[in-house]
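For reference, the chains in residue letters:
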Amino acid sequence: MKRWLILLTLLSLVASASRFAGFEVRPKGNSELDVGTGIYTLPTGGTITDNKSGLVLEARYIQYKDGEFIRAQGATLKAREGEFSANSLEYLQKPDTLRMSGVRFSSKEFKALSAQQGLLLKEEVLVLKGEVRSSDPALEANTLIVDTSKDQALVLGVFTFRDGATTLRGNRPDSTLLLTFGSGKVRANTRVPAEVLNRLRPYADKL
């Protein structure tokens, strides 16, 4: 997420398609600047690309302010953690967070993962809440916390997990399930180690 800090600094320097120090902003149409607030608006959207890291944000509507935020609607974000699409998203520099609504996510760990709300933190932790669903692995849950750096995902609350002929269910608000990814396989464990639970569970309160 730190790469966004540099990107935000550069955004105020460009009001039309241009390239500067490896970053590129391409409005799809006009770009507007409110001199009173310092907010740039791309009313018909556009693309923001970090050519060094490969981070790409494309949206049908974008607003941004140097050093503070990026807001977008109808957005797709390709990042190291995976590819996101969202009805709306907001990146805040302080704290360094990316919030999304109507979020869909795909990565090497999950396929067709969706939720009502999402939060991506600088620690490369993704928090999803509200009607969490994925097709592979087959999961239905209320809350999911994905630690992309450790290839782990913690499920909290009521859930259903299917793996072939095996189905695991949690029917209590305090139910937990740990998913571990590796070698193309998903391992599920209802006995979550205390270290993992204590490390990941607090992230649920951030969303």
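Residues numbered from 1 in each chain as written. Predicted model: local features only at pLDDT ≥ 70, side-chain atom pairs only at ≥ 80, totals over all residues. Heavy atoms only, no water.

For the protein chain, per-residue confidence averages 83 on the pLDDT scale, and 87% of positions sit at 70 or higher. Considering each helix and strand of the protein chain separately, the mean pLDDT is smallest for strand β1 (residues 18-20), with a value of 30, and largest for helix α2 (residues 194-200), with 96. (pLDDT = per-residue confidence, 0-100. Helix = DSSP H or I, 4+ residues; strand = E, 2+ residues; numbered from the N terminus.)

What follows deals with the pairing of strand β12 (residues 138-147). Counting buried positions along β12 gives seven out of ten residues, so the element sits mostly inside the fold. Bridge analysis of strand β11 (residues 125-135) against β12 gives nine bridges, and the strand direction is antiparallel. Each residue of the ladder has a partner; that of serine 135, found in β12, is alanine 138. The loop that links β11 with its antiparallel partner β12 comprises two residues. (Buried < 20%, exposed > 50% of the residue type's maximum accessible area, 1.4 Å probe, protein only. Pairing = 2+ DSSP bridges.)

According to the stated counting rule, one finds three aromatic pairs in the structure shown. Its end group placed over the ring of phenylalanine 69, arginine 71 keeps NZ or CZ at 3.9 Å from the ring centre. (Phe/Tyr/Trp six-rings, centres within 6.5 Å; stacked < 30°, edge-to-face > 60°. Lys NZ or Arg CZ within 6 Å of the ring centre and 35° of its normal.)

Time to look at the pattern of salt bridges. For the coordinates displayed, the defined rule picks out five salt bridges. Between aspartate 147 and arginine 199 there is a salt bridge whose closest N-O contact spans 2.6 Å. In this pair, aspartate 147 is assigned in strand β12 and arginine 199 in helix α2, connecting sequence segments 52 residues apart. Of the residues examined, arginine 199 reaches a relative accessible area of 23% and is grouped as partly exposed. One continuous salt-bridge network, built from bridges that share partners, spans Asp147, Glu195 and Arg199. (Salt bridge = Lys/Arg side-chain N within 4 Å of Asp/Glu carboxyl O.)

Turning next to the nonpolar core. Grouped together as the largest cluster of nonpolar side chains are 40 residues, with contacts concentrated most on Met100, Leu144 and Leu179. Each residue touching methionine 100, except ones within four places of it in the same chain, is listed here: Phe84, Ala86, Ser88, Leu89, Gln116, Gln117, Gly118, Leu119, Leu120 and Leu126. Formed by 15 residues, the second largest nonpolar core is a distinct cluster that contains Leu119, Val125, Ile145 and Val196. (Core = buried A, V, L, I, M, F, W, Y, C linked by side-chain atoms within 4.5 Å. Contact = heavy atoms within 4.5 Å.)

Neither face of strand β4 (residues 39-42) is open: one carries Ile39 and Thr41, the other Tyr40 and Leu42, and all of them are buried. Of the strand pairs in this sheet, strand β3 (residues 32-34) and β4 are connected by three bridges, and their pairing is antiparallel. Looking across to β4, one finds that glutamate 32 is bridged to threonine 41. A loop of four residues connects β3 with β4, the two strands running antiparallel in sequence, and glycine 38 in this loop sits at a positive phi of about 75°.

What follows concerns the environment of glycine 82. In this structure, glycine 82 sits in strand β8 (residues 82-92). The class of glycine 82 is buried, set by a relative accessible area of 11%. Taking the C-alpha atoms as reference, glycine 82 lies 9.1 Å from glutamate 109; in sequence the two are 27 residues apart.

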